[in-house]
Amino acid sequence: MPAYKLTYFNVRGRGELIRLLFAAGEIPYEDVRIESDNWPELKPKTPMGQVPILEVDGEVICQSMAIARFVAREAGLLGKTHLDQARADMLLDGGIDVGKLFEEMVMEKDASKKAEKKKEFGEKTLPPFLALYEGFAGDNGYFVGYSLTWSDIAFFNMMDFITAEFPSALDGYCNLTKVIKIVKRVPGIAKWLKERPITDN
Amino acid sequence: MPSYKLTYFKHWGRAGVLRLLFAAGGIEFEDVRIEREQWPELKPKTPMGQIPILEVDGTIICQTKAIGRLIAKEAGLAGKTPLEAAQVDMIVDGLSDLQVKIVDFFIEKDEKKKQEKIKEFAEKTLPMFLDTYEKLANSSGHFVGDALTWADVDFFSLMFFLKDHLPNDPLKGHVNLTKVRDNVTSNPGIAAWMEKETSH
């Protein structure tokens, strides 16, 4: 079993999907969380000047989705066929723009601009996205085929952030609600959700 | 062998790399190129209201990188091990980050702002990116291992797209990256494809 070392800040942010996937696969790893003060020293040692990075037997991988996909494969959660895997990839990539707008809203420091962005997000951005994804999710609660894949877990992670600001976002979405339920009950994930450090974002 | 039908506009844009991947892998595909006027009718029939889309035996996949990864896997260009696959993905994701910056100046409607953005891109953003990528490519002209992968093809594709928008060859002085470009253009499938693409 290779040694896995994840390095990121002490936040969920772009690292949490990776941590959730390690948890789902019950794969041991070192979960290194650095302080902002330590970042300038580490930065030039990373492939692209960014974290998260994953060290696997001495090799360093960066880019959170590349790392997440690698861990998903190790956890057996990539999708059974190339086509299933492509579907999972497409559903993940489809959430990125919405994720970016949510992030912009959360990071907005000006209170009145933030309120505007929150209104826009909650009324214009989120509803069509969820309606679209309700259609993508099967009524069995899986986005791809008939079993759990990393796209279910990625959706859970995204909604974990979004429902902190919009608690009733998933009301009325039966399939999406099922996806969330199933992910939360994955033993490794249930355990991680209980034990993980509490961070603002 | 499944049947592949790729749909996009005529230009290089986001599908250029996908067509190159089919060419590199020697994989037959239907290369559908639509006019702008046809797009409103097609749009609601796509999974997310965007193209490119790839139809594989009736299933439709959207999102450029999802499609790229699928074709790369079929063409044997997605890395030989899980670790190599992650390395390919990481290079492609970094190129995607650069592409976001390119789209930003590309769609800028104010001509003065656009020229300012292009200047910033050409003088700061791109050189910094290429310095990083020169170190990520190896001396045999590959980003991952010692054979052509989607990472190399994607890099070439983006540089090819950029060359009409920049005054000089941005790869000048970058030995490894120049070799990557040479490796891609000398791949027989890609060479034949580029000959056809650029001859009209």
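Here's what I pulled together on the structure shown here. If you're wondering where the values come from, they're calculated on a predicted model, not measured in any experiment.

## Digging into the interface of chain B and chain A
Part 1 of the reasoning: Listed per partner, the contact involves 29 residues of chain B and 29 residues of chain A.
Part 2 of the reasoning: Between chain B and chain A the total buried area reaches about 2300 Å² when both faces are included, carbon and sulfur atoms providing 67% of it.
Part 3 of the reasoning: A salt bridge links Asp89 of chain B to Arg69 of chain A, with the nearest nitrogen and oxygen atoms 2.9 Å apart.
Part 4 of the reasoning: On inspection of chain B and its partner chain A, the count reaches six residue pairs in polar contact (both at pLDDT 80 or more).
Part 5 of the reasoning: At the level of elements, strand S4 (59-62), helix H3 (64-74), helix H4 (82-106) and helix H5 (111-136) of chain B are the ones that each hand at least two residues to the side of chain B that touches chain A.

## So, the nonpolar core
Part 1 of the reasoning: Within the largest apolar cluster, 138 residues are counted, with the highest numbers of intra-cluster contacts made by Leu130, Phe143, Trp150, Ile153 and Phe155 of chain A together with Phe143 and Phe155 of chain B.
Part 2 of the reasoning: When residues of this core are assigned to their parent elements, the largest contribution, 10 residues, is made by helix H6 (residues 150-162) of chain B.
Part 3 of the reasoning: When neighbours within four sequence positions are excluded, Phe155 of chain B is seen to be in contact with Leu95, Leu130, Tyr133, Phe143, Leu171, Leu177 and Val180 of chain B.

## A word on the sheet that holds strand S3 (residues 53-56) of chain A
Residues and elements named next belong to chain A.
Part 1 of the reasoning: Taken in spatial order, the four strands line up as S2-S1-S3-S4 in an open sheet, and their pairing is mixed. Two strands in the sheet have a free side with no partner beyond their single neighbour: strand S2 (30-34) and strand S4 (59-62). Recorded for the sheet is a direction-independent mean angle of 20° between the axes of neighbouring strands.
Part 2 of the reasoning: Bridge count between strand S1 (residues 4-9) and S3: four bridges; the pairing is antiparallel. What sits directly across from Thr7, in S3, is Ile53.
Part 3 of the reasoning: Along the sheet, helix H1 (residues 16-24) makes contact with S1, S2 and S3, crossing S1 at roughly 150°.

## Details of unusual backbone geometry
Part 1 of the reasoning: Between Val51 of chain A and Pro52 of chain A the backbone carries a cis peptide bond, its omega angle lying at 10°.
Part 2 of the reasoning: For Pro52 of chain A, the position within the fold is in the loop between helix H2 (39-42) and S3.
Part 3 of the reasoning: Note the cis peptide between Ile51 of chain B and Pro52 of chain B, where omega equals 15°.
Part 4 of the reasoning: You can see Pro52 of chain B is positioned in the loop between helix H2 (39-42) and strand S3 (53-56).
Part 5 of the reasoning: The phi angle at Glu26 of chain A is positive, at roughly 50°, despite the residue not being glycine.

## Concerning the side chain of Lys73 of chain B
Part 1 of the reasoning: Structurally, the position occupied by Lys73 of chain B is in helix H3.
Part 2 of the reasoning: With no salt bridge to any partner, buried Lys73 of chain B finds its closest opposite charge in Asp89 of chain A, at an N-O distance of 4.9 Å.
Part 3 of the reasoning: With residues up to four places along the chain from it excluded, the contact list for Lys73 of chain B reads His82 and Gln85 of chain A together with Ala78 of chain B.

## Points about the environment of Glu16 of chain A
Residue and element names in this part refer to chain A.
Part 1 of the reasoning: Tracing the backbone shows Glu16 in helix H1.
Part 2 of the reasoning: Between the C-alpha atoms of Glu16 and Ser36, which are 20 residues apart in sequence, the distance is 17 Å.
Part 3 of the reasoning: Excluding its chain neighbours within four sequence positions, the residues that come into contact with Glu16 are Asn157, Trp192 and Arg196.

## Let's talk about the environment of Lys10 of chain B
Residues and elements named next belong to chain B.
Part 1 of the reasoning: Here Lys10 shows up in the loop between strand S1 (4-9) and helix H1 (16-25).
Part 2 of the reasoning: Take Lys10: its relative accessible area is 46%, and that puts it in the partly exposed class.
Part 3 of the reasoning: As a C-alpha pair, Lys10 and Glu123 span 113 residues in sequence and 30 Å in three-dimensional space.
Part 4 of the reasoning: Once you skip the residues sitting within four places of it in the chain, Lys10 turns out to touch Arg19, Arg33, Ile34 and Glu35.
Part 5 of the reasoning: Engagement of the side chain of Lys10 in a polar contact is seen with the side chain of Glu35, the distance being 2.2 Å.

## Overview of the layout of surface pockets
Part 1 of the reasoning: Taken as a whole, the second largest pocket encloses approximately 580 Å³ of empty space.
Part 2 of the reasoning: The wall of the second largest pocket is formed by 20 residues, among which Met48 and Gly49 of chain A together with Met128, Phe129 and Thr132 of chain B lie closest to the centre.
Part 3 of the reasoning: Looking at the lining of the second largest pocket, the elements that each hand over two or more residues are H4 and H5 of chain B.
Part 4 of the reasoning: Looking at which element gives the most residues to the lining of the second largest pocket, the answer is H5 of chain B, with eight residues.
Part 5 of the reasoning: Here the lining of the second largest pocket is built from residues that sort into eight nonpolar, seven polar and five charged.

## With respect to the packing of aromatic side chains
Part 1 of the reasoning: For the coordinates displayed, the defined rule picks out 24 aromatic pairs over all chains.
Part 2 of the reasoning: For the pair Tyr4 of chain A and Phe70 of chain A, a centre-to-centre distance of 6.1 Å together with 75° between the ring planes defines the contact as edge-to-face. Taken together, the positions of Tyr4 of chain A in strand S1 and Phe70 of chain A in helix H3 (residues 64-74) put the pair 66 residues apart, joining distant regions of the chain. The same class applies to Tyr4 of chain A and to Phe70 of chain A, which are both buried.
Part 3 of the reasoning: For the ring pair Trp12 of chain B and Phe160 of chain B, a centre distance of 4.5 Å and an interplane angle of 55° mean the geometry is tilted. Of this pair, Trp12 of chain B sits in the loop between S1 and H1 while Phe160 of chain B is found in helix H6, placing the two residues 148 residues apart along the sequence.
Part 4 of the reasoning: Judged by relative accessible area, Phe160 of chain B falls into the buried class, the value being 17%.
Part 5 of the reasoning: Through successive ring pairs, a cluster of aromatic residues spans Phe129, Tyr133, Phe136, Phe143 and Phe155 of chain A.
Part 6 of the reasoning: The aromatic ring of Phe9 of chain B is capped on one face by Arg36 of chain B, whose charged end is 4.0 Å from the ring centroid.

## Some words on helix H5 (residues 96-107) of chain A
Structurally, the α-helix is built with 3.6 residues per turn, so residues lying three or four positions apart point the same way.
Residues and elements named next belong to chain A.
Part 1 of the reasoning: Compared with an ideal rise of 1.5 Å per residue, which puts 12 residues at 16 Å, H5 spans 16 Å between its outermost C-alpha atoms and is within 8% of the ideal.
Part 2 of the reasoning: Here H5 has its buried residues at Val98, Phe102 and Met105. An end-on view of H5 places all buried positions within 60° of arc, on one side of the element. In H5, those exposed residues whose orientation departs by more than 90 degrees from the buried face are Asp97 and Met107.

Procedures and definitions
Residues numbered from 1 in each chain as written. Chains lettered and ligands numbered in written order. Predicted model: local features only at pLDDT ≥ 70, side-chain atom pairs only at ≥ 80, totals over all residues. Heavy atoms only, no water. Contact = heavy atoms within 4.5 Å. Buried area = accessible area lost by both parts, 1.4 Å probe. Salt bridge = Lys/Arg side-chain N within 4 Å of Asp/Glu carboxyl O. Polar contact = N/O pair within 3.5 Å; in protein donor to acceptor, adjacent residues only side chain to side chain. Helix = DSSP H or I, 4+ residues; strand = E, 2+ residues; numbered from the N terminus. Core = buried A, V, L, I, M, F, W, Y, C linked by side-chain atoms within 4.5 Å. Buried < 20%, exposed > 50% of the residue type's maximum accessible area, 1.4 Å probe, protein only. Pairing = 2+ DSSP bridges. Axes fitted to C-alpha atoms, helices over the stretch in contact; angles between N-to-C directions. Lys, Arg positive; Asp, Glu negative; His and termini not counted. 1 Å grid on protein atoms, 1.4 Å probe; cavity = no way out; pocket = protein on both sides within 12 Å on 5 of 7 lines; lining within 4 Å. Points joined across faces, edges and corners; volume = space filled by probe spheres on them. Nonpolar A, V, L, I, M, F, W, Y, C, P; charged D, E, K, R; others polar. Phe/Tyr/Trp six-rings, centres within 6.5 Å; stacked < 30°, edge-to-face > 60°. Lys NZ or Arg CZ within 6 Å of the ring centre and 35° of its normal. Expected span 1.5 Å × (residues − 1). Arc of directions from axis to C-beta.

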